[in-house]
Amino acid sequence: MNYSVDHTISFEKLTNIFTEKGDNLFILRPEIGTGTLSIFNLEKGLRARFWNCEFDKAVQIHNGNGHGKPYFNLAFFSKCDNLQLESGHKHFKGVPVWDTVFISSSTIFNIHIQPVARVQCLGISFSYEWIVNNLLNTSQAFLYFEKKLKDLNAEPLLGSMTVEDKKRVADLVIGCSKKQLELFHIKSAVLKITSDFFKKVQSQELVSLQNCAEQHTLDIRNFFLANDNGFKPDIKTLAAHFAVSESTIKRYFKKQYGTTLSTYHRSNNKHN
Amino acid sequence: MNEIHYEFRELDNDASFLSFGEFFGGTLKNQTLCFDNEVAKGELTRLEPDKGLWLRKWSLNVYQNIILHKLPAPATTEKKLGLVYFLDPSLFQLKNQSRKIKCNSHHNNLFYCNSAKLNFSVTTGQPFYAVDIAFTKTWLLNQFAEASDPFRMAMEPYLKTNKEIVSMQPCTIEDYKTLHELELSPIEEQDSLFIRSRVYSLVTNFFYKCFCGVKEKRMQCAIQYEKIMRVAGILAENLQKYPSIKAIAREVNMSVSSLLRQFKLIYGKGINEYYLEKKMELAKKMMYENRTTVKAIAQALGYKQASPFIERFIKHHGFSPGKILKTSFE
């Protein structure tokens with residue numbers, strides 16, 4: 001998918017499209033849009049960014065090259081109109097279904113902000129040491145978490161907030177942009193949100209892009225196995241059954257069986 | 001019945017915690033003192049999420065009259081402050097010097113400093129759950145180092161003077177929710193992030209309500225915390241079929257009107273709204289995990305037709321259930 005881009009910037013140099021106003025506050029450059037970005041270093045290895053911006057120009061933000069010390073980014077979008085997320089060659093069209101993204105510094109990941117986009121987001125960055133000290137080394141329950149962190153290098157992890165969580169994030173973002181909140185309040189809220197997120201990761205409530213595509217192809221295979229009695233559904237029927245478009249079902253079918261549905265049916269007829 | 005008196009200045013360090021356990025015949029397992037004798041049954045868990053910050057969770061049933069005497073700390077020791085959350089306040093009797101301190105649903109969050117002299121006793125034969133947090137002045141100052149001027153000015157009297165502090169506040173709705181999370185989880189098995197985030201949340205909430213004029217809705221009636229939590233549990237177990245309010249009220253031994261009123265006070269929304277929210281969150285989770293048809297999810301959640309389910313889902317989440325299934329990666 002091609003996007004027209006007015007500005008391209010990496011996550012590390014994000015503040016370049018803002019003007020620093022002091023006291024952790026940055027104002028979006030007027031030629032790009034309006035709004036604020038507040039950045040707080042909450043403790044060693046933990047930083048929170050609060051975006052409350054309206055973009056008039058197309059901006060592409062890309063993840064860094066993964067050099068240097070590994071770190072992780074967790075983003076909660078309470079508003080994300082006109083936003084497209086992309087990982088490698090996969091364009092993630094789920095917004096607003098998928099409003100939580102967890103990536104590592106090595107994940108190939110882009111955010112395309114299209115004009116006119118309204119972005120309200122809480123971004124939390126943490127170092128690997130911070131995760132080790134706060135999670136991995138402190139509970140047996142997170143024994144397998146390290147593998148999940150490694151998997152992030154290939155694919156982002158996606159989640160969806162509850163309505164209550166979304167409201168909490170929105171209140172926090174608005175409170176920060178209006179400078180109504182004390183730092184300890186922000187820290188306490190960010191720790192709680194992060195902890196709740198990791199609990200979700202632990203209880204497998206999130207999906208990776210890879211898993212999602214695999215799940216579709218697996219579903220199709222299971223469907224054919226379960227209906228192996230001469231039933232020959234056409235593409236339209238399958239698309240309706242899996243609630244996806246016809247082109248998507250064609251693609252998944254080909255991925256699973258290496259052929260088109262009609263060829264599959266024809267070869268089955270000959271075989272029978 | 002004989003009274004058992006126990007004097008202590010603090011329970012934060014290892015020695016004081018161990019001697020408390022020894023006195024009442026408890027055995028130490030990791031961070032938890034376990035009691036199972038004629039004096040008490042249950043557990044007392046102590047954690048230190050940060051240097052200078054302690055959390056204790058008391059889940060006990062005492063069988064003898066126990067009076068805990070917290071003696072004033074020597075003037076030379078570092079100032080410490082404490083917060084105690086009494087979830088069953090009617091079971092506790094508190095005294096400061098010889099003055100009785102009110103402990104009820106409007107006064108169930110005690111704030112004190114270590115120079116205070118306090119006596120605690122609890123009704124026998126009734127299981128109770130309480131949480132207490134203690135922190136040093138240094139810890140507090142570090143946390144609030146970048147606080148705004150009005151906030152610092154409001155806090156100063158509590159930190160600078162040697163004046164004894166003993167005050168009672170009501171628990172807020174947020175407090176109840178956090179305390180409930182701590183109650184449900186075996187905290188010694190939890191990761192440090194979970195514990196720290198919950199303790200910070202309680203401390204932050206407390207100082208906000210004290211100094212920032214954040215006025216939470218005051219409880220106008222005696223909150224039956226445990227019963228309301230049980231109601232939430234019953235609702236969560238019956239997401240397929242809406243249980244009748246009358247039956248729930250009967251189950252938890254409350255009148256329908258006080259159940260509805262108290263539920264709204266704790267959760268900030270009516271039972272019906274809460275129930276539908278939980279149901280819609282479950283629906284979303286089922287769609288992610290099972291990736292089955294909308295009709296199947298609707299039926300699993302007790303809807304005869306898919307359309308009212310879809311309507312409710314859109315109203316709650318702002319997108320249709322089909323959109324989850326249609327979410328594709330190209």
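Each value, and the rule that gives it
Residues numbered from 1 in each chain as written. Chains lettered and ligands numbered in written order. Predicted model: local features only at pLDDT ≥ 70, side-chain atom pairs only at ≥ 80, totals over all residues. Helix = DSSP H or I, 4+ residues; strand = E, 2+ residues; numbered from the N terminus. Buried ≥ 20, exposed ≤ 12 C-beta atoms within 10 Å, placed from the backbone. Pairing = 2+ DSSP bridges. Axes fitted to C-alpha atoms, helices over the stretch in contact; angles between N-to-C directions. Contact = placed C-beta atoms within 7 Å. Domains from an automatic or database assignment. Nonpolar A, V, L, I, M, F, W, Y, C, P; charged D, E, K, R; others polar. pLDDT = per-residue confidence, 0-100. Expected span 1.5 Å × (residues − 1). Arc of directions from axis to C-beta. Left-handed = near helix turned anticlockwise from the far one by under 90°. Core = buried A, V, L, I, M, F, W, Y, C linked by C-beta atoms within 7 Å.

1. A word on the overall build of chain B
Per the secondary structure count, chain B includes 12 helices and 13 strands. Expressed as lengths along the three principal axes of its C-alpha atoms, the size of chain B is roughly 70 × 50 × 40 Å. For chain B, with 330 residues in total, the buried portion stands at 32%.

2. Describing the environment of A:Leu25
Residue and element names in this part refer to chain A. Position of Leu25 relative to the elements: it lies in strand E3 (residues 25-28). Taking the number of C-beta atoms within 10 Å as the measure of exposure, Leu25 has 17 and is therefore partly exposed. Linking Leu25 and Val101, residues 76 residues apart in sequence, is a C-alpha distance of 24 Å.

3. Quick notes on the environment of A:Leu28
Mapped onto the elements, A:Leu28 comes out in strand E3. When the C-alpha atoms of A:Leu28 and A:Asn269 are compared, they prove to be 63 Å apart, with 241 residues separating the residues in sequence.

4. As for the pairing of strand E1 (residues 3-8) of chain B
Residues and elements named next belong to chain B. In terms of burial, E1 is a largely surface element, 0 of the 6 residues being buried. As paired elements, E1 and strand E6 (residues 65-70) share 6 bridges and run parallel to each other. By the bridge assignment for E6, Tyr6 is matched with Leu68.

5. Observations concerning the sheet that holds strand E5 (residues 53-62) of chain B
Residue and element names in this part refer to chain B. As summarised here, the arrangement of the 8 strands in space is E2-E3-E4-E5-E12-E7-E10-E13, forming an open sheet in which the pairing is antiparallel. Sheet topology places strand E2 (27-29) and strand E13 (166-169) at the edges, where each strand pairs with a single neighbour. Each adjacent strand pair in this sheet contributes to an overall mean axis angle of 20°, direction not counted. Sheet topology places strand E10 (residues 109-113) next to E13; 4 bridges connect them, and they run antiparallel. Each bridged residue has a counterpart across the sheet, and for Asn109 the counterpart in E13 is Gln169. On the sheet, helix H4 (residues 173-184) packs against E5, strand E7 (80-86), E10 and strand E12 (128-136) and is oriented at approximately 105° with respect to E12. The strands touched by helix H5 (residues 192-211) within the sheet are strand E4 (40-50), E5, E7, E10, E12 and E13, with E4 carrying the most contacts at an inclination of about 85°.

6. So, the domain arrangement of chain B
All names here are of chain B. With domains assigned, chain B is organised as domain 1 (3-211) and domain 2 (225-326). Distance from the C-alpha centre of domain 1 to the C-alpha centre of domain 2: 35 Å. Opposite the 4 residues of domain 1 that make contact, domain 2 presents 4 residues. Of the residues that constitute the side of domain 1 that touches domain 2, the class distribution is 3 nonpolar, 1 polar and no charged.

7. Some remarks on the confidence of the model for chain B
All names here are of chain B. The predicted model of chain B averages 86 in pLDDT, with 93% of residues at 70 or higher. When pLDDT is averaged over each element of chain B, strand E3 (residues 32-36) comes out on top at 96 and helix H12 (residues 321-326) at the bottom at 76. On the interface metric, ipTM, the complex scores 0.83, and its pTM is 0.81.

8. Thoughts on the pairing of strand E11 (residues 118-122) of chain B
Residue and element names in this part refer to chain B. The side-chain alternation of E11 yields one buried face, formed by Leu118, Phe120 and Val122, and one unburied face, formed by Asn119 and Ser121. Here 4 bridges tie E6 to E11, and the two strands are oriented antiparallel to one another. Bridging across to E11, His69 finds its partner in Asn119. Both strand E8 (residues 92-96) and E11 contribute to a ladder of 5 bridges, which runs antiparallel. Note on E11: the bridge partner recorded for Asn96 is Leu118.

9. Some details on helix H3 (residues 163-177) of chain A
All names here are of chain A. Across its 15 residues, H3 extends 21 Å between first and last C-alpha, which sits within 8% of the 21 Å expected from 1.5 Å per residue. Within H3, burial applies to Asp165, Lys166, Val169, Leu172, Val173 and Cys176. The arc that holds the buried residues of H3, viewed along the axis, is 130°, so those residues lie on one side. With respect to the buried face of H3, the exposed residues turned more than 90 degrees away are Glu164 and Lys167.

10. Some remarks on the packing of helix H4 (residues 183-202) of chain A against H5(B)
Between H4(A) and H5(B), the least distance of the axes is 8 Å, while the angle of their chain directions is 145°. Relative to H5(B), the crossing made by H4(A) is left-handed. Between H4(A) and H5(B), the contacting residues are A:Phe184, A:His185, A:Lys187, A:Ser188, A:Leu191, A:Lys192, A:Thr194, A:Ser195 and A:Phe198 on the first element and B:Leu193, B:Phe194, B:Arg196, B:Ser197, B:Tyr200, B:Ser201, B:Thr204 and B:Tyr208 on the second. By residue class, the composition of the contact of H4(A) with H5(B) is 7 nonpolar, 7 polar and 3 charged.

11. Focus: the nonpolar core
By size, the foremost hydrophobic cluster in this structure holds 121 residues, and its most contacted members are A:Val119, A:Leu122, B:Tyr85, B:Ala130 and B:Ile133. When residues in this core are grouped by element, the largest group, 10 residues, is from H5(B). Non-local contacts of B:Ala130, meaning those with residues more than four positions away in its chain, are made with B:Trp58, B:Val84, B:Tyr85, B:Phe86 and B:Leu87.

12. Details of helix H1 (residues 128-136) of chain A
Burial in H1(A) covers these residues: A:Ile131, A:Asn134 and A:Leu135. The arc that holds the buried residues of H1(A), viewed along the axis, is 90°, so those residues lie on one side. Looking at the buried positions of H1(A), the neighbouring elements they touch are strand E7 (71-87), strand E10 (110-127), helix H2 (145-151) and H4 of chain A together with H5 of chain B.

13. Side note on unusual backbone geometry
Residue and element names in this part refer to chain A. Between Pro115 and Val116 the backbone carries a cis peptide bond, its omega angle lying at -5°. Within the secondary structure, Val116 is located in strand E10. The backbone phi angle of Asp23 is positive, close to 55°, even though this residue is not glycine. Tracing the chain through its elements places Asp23 in the loop between strand E2 (18-22) and E3. Judged by local crowding, Asp23 falls into the exposed class, with 8 C-beta atoms found within 10 Å.

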